[in-house]
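Observations on the three-dimensional arrangement
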Number of protein chains: 6
Amino acid sequence: MANQILLLTTFLAMTCALVIAFEPSPLQDFCVADTTSSVTRVNGLPCLDSKLAQADHFFFSGLHIPGNTSNPVGGKVTPVNVVQIPGLNTLGISLARIDYAQWGVIPPHTHPRATEILTVLEGSLYVGFVTSNPDNKLISKVLYKGDVFVFPVGLVHFQQNVGKGHAVSLSSLSSQNPGVNTIANAVFGANPSISDDILAKSFQVDKTVISSLQAKF
Amino acid sequence: MANQILLLTTFLAMTCALVIAFEPSPLQDFCVADTTSSVTRVNGLPCLDSKLAQADHFFFSGLHIPGNTSNPVGGKVTPVNVVQIPGLNTLGISLARIDYAQWGVIPPHTHPRATEILTVLEGSLYVGFVTSNPDNKLISKVLYKGDVFVFPVGLVHFQQNVGKGHAVSLSSLSSQNPGVNTIANAVFGANPSISDDILAKSFQVDKTVISSLQAKF
Amino acid sequence: MANQILLLTTFLAMTCALVIAFEPSPLQDFCVADTTSSVTRVNGLPCLDSKLAQADHFFFSGLHIPGNTSNPVGGKVTPVNVVQIPGLNTLGISLARIDYAQWGVIPPHTHPRATEILTVLEGSLYVGFVTSNPDNKLISKVLYKGDVFVFPVGLVHFQQNVGKGHAVSLSSLSSQNPGVNTIANAVFGANPSISDDILAKSFQVDKTVISSLQAKF
Amino acid sequence: MANQILLLTTFLAMTCALVIAFEPSPLQDFCVADTTSSVTRVNGLPCLDSKLAQADHFFFSGLHIPGNTSNPVGGKVTPVNVVQIPGLNTLGISLARIDYAQWGVIPPHTHPRATEILTVLEGSLYVGFVTSNPDNKLISKVLYKGDVFVFPVGLVHFQQNVGKGHAVSLSSLSSQNPGVNTIANAVFGANPSISDDILAKSFQVDKTVISSLQAKF
Amino acid sequence: MANQILLLTTFLAMTCALVIAFEPSPLQDFCVADTTSSVTRVNGLPCLDSKLAQADHFFFSGLHIPGNTSNPVGGKVTPVNVVQIPGLNTLGISLARIDYAQWGVIPPHTHPRATEILTVLEGSLYVGFVTSNPDNKLISKVLYKGDVFVFPVGLVHFQQNVGKGHAVSLSSLSSQNPGVNTIANAVFGANPSISDDILAKSFQVDKTVISSLQAKF
Amino acid sequence: MANQILLLTTFLAMTCALVIAFEPSPLQDFCVADTTSSVTRVNGLPCLDSKLAQADHFFFSGLHIPGNTSNPVGGKVTPVNVVQIPGLNTLGISLARIDYAQWGVIPPHTHPRATEILTVLEGSLYVGFVTSNPDNKLISKVLYKGDVFVFPVGLVHFQQNVGKGHAVSLSSLSSQNPGVNTIANAVFGANPSISDDILAKSFQVDKTVISSLQAKF
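Throughout this description, residue numbers start from 1 for each chain and increase along the sequence as written. For this description, chains carry letters from A and ligands carry numbers from 1, given in the order in which they are written. Owing to the predicted nature of the model, reporting of local features is limited to residues with pLDDT of at least 70; listing and counting of side-chain atom pairs is limited to 80 or more, with chain, interface and lining totals taken over all residues. The basis for the side-chain values is all heavy atoms of the structure; hydrogens and waters are excluded.

- For chain A, an unreviewed UniProt entry supplies the name Germin-like protein and the organism Prunus dulcis.
- Recorded under Sequence similarities (unreviewed entry), the UniProt text for chain A is reproduced unchanged: "Belongs to the germin family."
- UniProt positions are given in the numbering used here, feature names are shortened, and annotations may be inferred rather than shown by experiment. Quoted verbatim from the Function (unreviewed entry) heading of the UniProt record, the comment on chain A is "May play a role in plant defense. Probably has no oxalate oxidase activity even if the active site is conserved."

Concerning the overall build of chain A
- For helices the rule is a DSSP run of H or I covering at least 4 residues; for strands it is a run of E covering at least 2, with both sets numbered from the N terminus onward. Along chain A, the regular secondary structure elements total four helices and 11 strands.
- Among the 217 residues that make up chain A, the fraction classed as buried is 69%.
- Should any heavy atoms of two residues lie within 4.5 Å, those residues are considered in contact. Counting contacts in chain A only where the partners sit at least 6 residues apart, residues at least 24 apart contribute 75% of the total. Each residue's exposure class comes from its accessible area (1.4 Å probe, protein chains only) as a fraction of the maximum for that residue type: buried when under 20%, exposed when over 50%, partly exposed otherwise.

Thoughts on the UniProt feature "binding site: Mn(2+)" (unreviewed entry) in chain A
All names here are of chain A.
- Under the present numbering, the feature "binding site: Mn(2+)" (unreviewed entry) in UniProt falls on His109, His111, Glu116 and His157. A maximum C-alpha distance of 11.8 Å among these annotated residues, which run over 49 residues, shows that they cluster at one spot.
- Counting through the fold element by element, histidine 109 comes out in strand 4 (residues 105-110).
- Positionally, histidine 111 belongs in the loop between strand 4 and strand 5 (116-122).
- Its relative accessible area of 2% is what places histidine 111 among the buried residues.

Describing the relation of the copies chain C and chain E
- The atoms used to superpose the copies are C-alpha atoms, taken from residues with pLDDT of at least 70 in both, and the fit is least squares. If you rotate chain C by 180° and push it 0.0 Å along the axis, it lands on chain E with an RMSD of 0.0 Å. Given the turn and translation reported, the copies of this chain are related as if by a two-fold rotation axis.

Quick notes on the sheet that holds strand 2 (residues 75-80) of chain A
- If DSSP finds at least two bridges between two strands, the strands pair. Within the open sheet, the six strands sit side by side as 2(A)-3(A)-10(A)-5(A)-8(A)-1(B). Their pairing is antiparallel. The sheet is open, and its two edges are formed by strand 2 of chain A together with strand 1 (59-60) of chain B, each paired on a single side.
- Here four bridges tie strand 5 of chain A to strand 8 (residues 148-151) of chain A, and the two strands are oriented antiparallel to one another. Within strand 8 of chain A, the position partnered with glutamate 116 of chain A by the bridge is phenylalanine 151 of chain A.

Topic: the UniProt feature "binding site: oxalate" (unreviewed entry) in chain A
Residue and element names in this part refer to chain A.
- Here, UniProt's "binding site: oxalate" (unreviewed entry) annotation points to His111 and Glu116.
- Assignment of secondary structure puts glutamate 116 in strand 5.
- The exposure class of glutamate 116 is buried, given its relative accessible area of 0%.
- Of note is the side chain of glutamate 116, whose polar atom sits 3.2 Å from the side chain of histidine 111. The term polar contact refers here to a pair of N or O atoms within 3.5 Å; inside protein, the definition further demands a hydrogen-donor-capable atom paired with an acceptor-capable atom, and it admits residues adjacent in sequence only when both atoms are side-chain atoms.

Side note on the pattern of salt bridges
Residue and element names in this part refer to chain D.
- By definition, a salt bridge exists where a carboxyl oxygen of Asp or Glu is found within 4 Å of a side-chain nitrogen of Lys or Arg. Under the defined criterion, the tally for this structure stands at 40 salt bridges over all chains.
- The partner of lysine 145 in a salt bridge is glutamate 122, and the shortest N-O contact between them spans 3.2 Å. Taken together, the residues span a long stretch of sequence, with lysine 145 in the loop between strand 7 (138-143) and strand 8 (148-151) and glutamate 122 in strand 5 (residues 116-122) at a distance of 23 residues.
- Among the residues examined, lysine 145 registers a relative accessible area of 37% and is labelled partly exposed.

Notes on unusual backbone geometry
- At the junction of asparagine 191 of chain A and proline 192 of chain A, the peptide bond is cis and its omega measures out at 0° in the coordinates.
- Among the secondary structure elements, proline 192 of chain A is positioned in the loop between helix 2 (183-188) and helix 3 (196-203).
- Look at the link from asparagine 133 of chain C to proline 134 of chain C: it is a cis peptide, with omega at 0°.
- Phi at threonine 90 of chain B takes a positive value of approximately 75°, unusual for a residue other than glycine.

Notes on the pairing of strand 5 (residues 116-122) of chain E
Residue and element names in this part refer to chain E.
- Counting buried positions along strand 5 yields five of seven residues, so the element is predominantly enclosed.
- As judged from the six bridges shared by strand 5 and strand 10 (residues 167-173), these two strands associate in the antiparallel manner. Opposite glutamate 122, over in strand 10, you have valine 168 as the bridge partner.

Let's talk about the sheet that holds strand 7 (residues 138-143) of chain B
Residue and element names in this part refer to chain B.
- Sheet architecture is open: five strands sit in the order 7-6-9-4-11, paired in antiparallel fashion. Of all the strands in the sheet, the pair left with one neighbour each is strand 7 and strand 11 (181-182).
- Pairing of strand 6 (residues 125-130) with strand 9 (residues 156-161) involves six bridges; the strand directions are antiparallel. When the bridges of strand 9 are listed, valine 130 appears paired with valine 156.

Digging into the interface of chain C and chain E
- If you look at the interface, chain C gives 56 residues, while chain E gives 56 residues.
- Each of two parts loses accessible area, computed with a 1.4 Å probe, when they are put together; buried area is these two losses added. For the pairing of chain C and chain E, the buried interface totals around 4100 Å² over both sides, and the portion due to carbon and sulfur atoms is 71%.
- Our enumeration of links across chain C and chain E arrives at two salt bridges.
- With a shortest N-O distance of 2.6 Å, lysine 141 of chain C and aspartate 56 of chain E are connected by a salt bridge.
- There are 17 residue pairs in polar contact (both at pLDDT 80 or more) connecting chain C and chain E.
- Counting only elements with at least two residues in the side of chain C that touches chain E, the list comes to strand 1 (59-60), strand 3 (94-100), strand 5 (116-122), strand 7 (138-143), strand 8 (148-151) and strand 10 (167-173) of chain C.

Some words on the side chain of serine 132 of chain A
- The topology assignment puts serine 132 of chain A in the loop between strand 6 (125-130) and strand 7 (138-143).
- For serine 132 of chain A, a relative accessible area of 7% corresponds to the buried category.
- One polar contact links serine 132 of chain A to asparagine 181 of chain D, side chain to side chain, over a distance of 3.2 Å.
- Once residues lying within four places of it in the same chain are set aside, the contact partners of serine 132 of chain A are Leu155 of chain A, Asp29 of chain B together with Pro112, Gly179, Val180 and Asn181 of chain D.

Section: the state of the cysteines
All names here are of chain C.
- Here, the term disulfide refers to a pair of cysteine sulfur atoms separated by no more than 2.5 Å. With the rule as written, the count across this model stands at six disulfides over all chains.
- Put simply, cysteine 31 and cysteine 47 are joined by a disulfide, and their sulfur atoms are 2.0 Å apart. One disulfide, between cysteine 31 and cysteine 47, carries an S-S torsion of -90° and so falls in the left-handed class. Remark: cysteine 47 occurs in the loop between helix 1 (2-13) and strand 1 and cysteine 31 occurs in the loop between helix 1 and strand 1; sequence separation between them is 16 residues. Each member of the pair, cysteine 31 as well as cysteine 47, carries the same accessibility label: buried.

Points about helix 3 of chain A
- Every buried residue belonging to helix 3 of chain A is among Ile198, Leu199, Ala200, Ser202 and Phe203 of chain A, and all of these are buried.
- Glutamine 204 of chain A sits one or two residues past helix 3 of chain A and shows a positive phi near 60°.

Topic: the confidence of the model for chain A
Residues and elements named next belong to chain A.
- Of the residues in chain A, 88% reach a pLDDT of 70 or more, and the chain-wide mean stands at 87.
- Per residue, pLDDT measures the predictor's confidence, with a range of 0 to 100. Low pLDDT, under 50, characterises residues 1-23; the predicted model gives this stretch 123 contacts beyond four residues in sequence or across chains.
- As scored by the predictor, the complex reaches a pTM of 0.89 and an ipTM of 0.87.

With respect to the packing of helix 3 (residues 196-203) of chain E against helix 4 (residues 207-214) of chain E
Residues and elements named next belong to chain E.
- Each axis is a line fitted through C-alpha atoms, taken for helices only over the stretch in contact, and angles between the N-to-C directions span 0 to 180 degrees. Between helix 3 and helix 4, whose axes approach to 9 Å, the crossing angle comes to 110°. As judged from the angle between their axes, helix 3 and helix 4 are roughly perpendicular. Of the residues in helix 4, those in contact with Asp196, Asp197, Leu199 and Ala200 of helix 3 are Lys207, Ile210, Ser211 and Gln214.
- Any residue that is not Ala, Val, Leu, Ile, Met, Phe, Trp, Tyr, Cys, Pro, Asp, Glu, Lys or Arg is counted as polar, Gly included; the first ten are nonpolar and the last four charged. Residues that form the contact of helix 3 with helix 4 fall into these classes: three nonpolar, two polar and three charged. By definition in this entry, angles of less than 35 degrees are roughly parallel, angles greater than 145 are roughly antiparallel, angles of 65 to 115 are roughly perpendicular, and the rest are oblique.

What follows is the structure, given as structure tokens:
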């Protein structure tokens with residue numbers, strides 16, 4: 001099961017594509033990512049010769065295809081960020097489609113570099129985010145088709161399908177590469193592991209509880 | 001007809017909600033726009049007391065409702081930016097739903113403060129953007145359901161429904177308030193008018209052509 | 001004539017050098033553009049070894065030389081941006097000299113990445129900019145020698161010589177590479193063309209009017 | 001015990017003062033926060049009349065005083081951000097002193113708006129951060145007096161005193177108000193609670209385990 | 001003479017208007033500074049109701065009028081920044097005209113928030129800037145009419161009229177409020193004074209030399 | 001003695017490591033500087049392959065070791081910026097330890113790209129900064145162990161040990177590479193020299209005074 005979660009997380013990671021703002025501004029019309037260049041790595045990605053830019057560099061297809069939600073959490077993310085659309089490089093925005101099985105969840109996570117704005121395309125979702133310390137106030141709501149909700153940059157948030165069938169949402173994120181830290185995976189599934197002594201103290205439980213949690217990620 | 005276009009443009013203006021990046025970063029978890037405050041205007045909008053923030057400040061409903069495309073261009077924009085969701089203030093992202101009658105168009109326009117990423121929800125669209133001088137290269141493509149396309153910040157772009165029925169798209173924009181300059185309205189419908197002498201020289205036509213164009217906006 | 005305009009536009013494009021702000025900040029004293037490097041393209045330009053930086057990298061001469069305004073619009077732009085001064089790379093500012101024949105115009109255009117501040121050096125200019133939808137309010141003024149005017153980032157603006165002789169202005173732009181979209185060229189001179197059906201709907205005119213406009217750019 | 005943690009978290013929240021970068025730039029020499037002004041809230045804080053600025057607005061004392069680590073996790077944060085030093089407003093940097101009892105920990109947390117750079121003043125610390133999905137790679141090290149370590153913006157990180165006595169570190173953060181999300185508190189101590197069904201699915205455990213975790217925060 | 005210098009510096013200060021980039025981006029078409037508002041101070045300036053914006057808010061006249069160079073250094077700065085043009089608020093650019101008597105100088109100074117790009121309108125100037133420690137390399141050049149030179153943000157720079165008559169230059173700066181620190185005034189003319197012990201050590205001279213320097217500012 | 005100062009300044013330069021904010025945001029979890037890459041120079045530094053990133057890339061040791069203050073000014077800076085910690089690349093923060101002999105000073109200087117926040121670890125310091133023209137107001141204070149003080153970005157500031165023994169402070173700076181312009185060295189020690197005629201006019205003294213000052217740097 002740990003493998004399945006890892007797999008899911010891998011999709012999430014390359015995917016949980018939200019769009020982040022506040023990135024460095026573009027200094028030319030566009031800077032299509034040159035993913036074949038291995039010569040030099042930069043903040044973001046190097047640019048293709050602008051004369052070679054074509055419509056396909058700004059294009060992605062398949063966002064209408066349902067993701068496979070047969071996994072332990074019942075949620076699947078299809079990312080559309082600079083990895084999928086090289087023309088997004090330097091432009092500070094990206095997308096993700098999310099499919100939910102009945103009662104499926106997208107576990108609590110943060111985007112280190114993006115605010116997210118989510119639109120419900122099908123079904124009903126219970127969503128929420130938690131404010132910073134010390135309040136840790138939960139701001140949540142049940143959403144229906146056509147509803148939109150905002151998750152501010154860096155805050156912990158989650159989604160759950162609370163309707164009768166499959167649900168679908170589309171998220172926009174204010175970064176070309178927003179990143180995603182799924183709490184369970186980052187804390188209990190880090191590789192190598194965070195020591196059980198630290199986690200036991202942090203969560204105020206026995207090390208045996210920590211070990212059983214770690215075994216799942 | 002000029003009135004109808006003006007009306008459309010009004011919707012576009014408050015609407016053609018794309019999301020722009022590169023805005024000032026937030027300096028707190030969030031800064032819900034206090035739209036009732038008339039005391040002081042700032043870059044962006046003043047903030048509500050954070051203790052009063054509620055889920056509804058981060059929420060909008062109705063994005064599944066088709067817009068009315070009975071207007072000369074056959075396109076209608078439903079915006080979801082900081083005007084509709086006060087919680088977007090300082091967060092650098094927004095949305096817009098666009099409905100298209102058959103052969104309906106969203107005329108050439110620019111967003112002064114945002115890159116746009118468009119997803120086709122229903123139907124087929126012919127879309128494109130034009131690069132800066134001197135090349136003015138048109139980068140265009142026909143899109144189908146589930147396709148995604150990017151319009152870089154500040155460049156002229158347009159959409160047309162080229163399928164057999166109604167079409168719908170959802171756009172994300174890298175600004176809480178991206179702005180929209182519809183070319184025809186800004187150039188031929190400015191109020192007061194740009195002088196016909198300037199426009200005749202700029203478009204290399206007789207003033208009578210300019211006058212007939214201005215009469216429509 | 002289309003060629004002449006194209007030529008003019010080429011100058012404009014490399015030129016209509018205004019200065020844009022809000023660019024990524026420098027991370028060292030300077031980063032002189034290494035225009036000979038073809039190894040890697042980045043957002044902006046790669047840097048020369050700082051030890052090789054010389055005064056000439058921060059220098060341009062000839063801004064006192066009148067531009068040749070013998071072209072259909074009677075306006076000529078001489079740009080001074082990162083192309084002409086490699087030391088401007090990462091520094092977020094540039095210049096342009098503009099010469100105007102009698103009644104000469106700089107046609108309506110936008111800078112996708114810069115605010116412009118214009119100073120009249122000689123003669124009299126009628127200038128203006130148009131606000132975003134839905135107001136499309138024209139804010140304009142006749143300027144005389146020593147007058148200064150501001151065009152906010154991304155908004156449509158224009159200039160015309162309304163004095164008795166030649167006129168000259170100097171513009172500063174808040175970007176090392178502000179870009180310029182001349183409306184007429186981007187809309188009617190795109191290559192390949194934007195379809196006449198889209199343009200006819202957008203400007204509410206017959207396709208024959210569109211064709212005659214396209215023939216000029 | 002939940003109360004004690006809450007208390008600790010409160011200190012953390014107002015405290016875990018790291019310094020974040022990438023904030024809006026200052027537009028004047030300084031903008032001392034006017035904390036007495038309740039008239040208008042802005043992104044950041046309104047400014048005091050600059051003529052009233054005094055040395056004490058840029059000053060804080062007491063960072064040499066040990067914090068009280070008598071709490072369940074054995075760690076205590078003393079923050080020095082814009083709340084303590086109003087002159088930090090608009091300037092994008094802050095500090096925090098952290099005291100650690102023997103084996104005391106600062107539980108896994110993120111700063112939504114800041115990178116942190118930590119210096120060990122006394123004792124030995126085991127510290128680490130976890131990369132985004134899908135790798136969730138733990139990058140960790142044991143630090144001694146005079147050692148420095150970096151936690152990149154938005155990533156999950158933690159510290160533990162692994163030496164023989166008390167330990168002390170000083171952190172700098174790239175924001176005037178970096179914020180802190182302590183994972184345990186945000187996830188298991190949110191107010192109101194995140195539903196146990198969501199958490200059980202997310203952490204792949206029985207609801208009884210979730211309930212016992214929630215009881216502690 | 002100290003008074004004369006102080007006076008000059010006052011002009012410089014409100015003036016030595018260069019334009020700086022990297023300021024917070026605008027979140028609306030424009031935000032004309034509301035200089036009559038004393039209710040709330042913000043980073044930058046509060047905005048006038050956008051409906052009240054007029055052409056004069058984006059306008060300044062008189063930049064063709066020579067400044068009075070009858071002062072000890074023989075240089076006079078006429079600033080055109082957000083103080084003179086309220087429409088520059090949030091737009092990140094400004095100007096300054098500088099007049100030079102024969103052999104007149106603009107003493108070594110820095111702009112804390114702007115890069116400067118200078119154009120010689122009349123005469124000949126010797127200009128230069130000094131790189132950061134440890135190199136302190138002087139990059140300098142003699143400029144003639146029509147020449148342009150760049151001073152990177154934050155670096156010490158200066159100008160001197162080395163031609164036969166009066167000289168004039170126009171500077172653009174990448175900030176709406178770039179600020180200016182004239183070295184001699186900041187170091188030897190601070191109010192109250194920096195202690196002569198500190199300055200004697202810093203400049204490796206007797207306190208008597210420091211006292212005589214301080215007497216002049 | 002000039003050599004000794006030069007040497008000190010060299011340390012200062014590579015060191016006087018403060019942390020500056022307002023830098024371009026990271027577009028990935030981290031971008032460890034690849035200091036061995038000589039292929040391409042960029043704004044900041046190119047990135048190492050992220051798979052090769054190790055704890056040591058985010059680490060520095062030795063900040064507890066006193067610097068050698070046996071030099072003319074009696075102050076020594078130990079920098080910890082992107083040169084010492086490659087993992088700081090793109091993250092906008094850095095540190096510096098400063099040691100002071102009795103009555104030792106850190107001469108007046110500016111950081112072109114950073115705000116500094118200083119903490120006194122041992123001893124007593126007299127510190128201050130000077131506001132921009134025209135006020136040149138000195139804002140200063142005597143600090144004791146545990147006191148913290150802020151120097152806003154780009155302003156002239158200084159420190160002096162006014163206690164009975166050695167003093168130590170730790171500074172945080174809002175840039176990965178803040179830069180430092182020591183006034184005395186930039187003005188009187190530039191290489192090649194700024195002409196004595198310019199300096200004599202600027203400081204209102206005889207050229208002989210200037211020559212004697214230049215001889216020391």
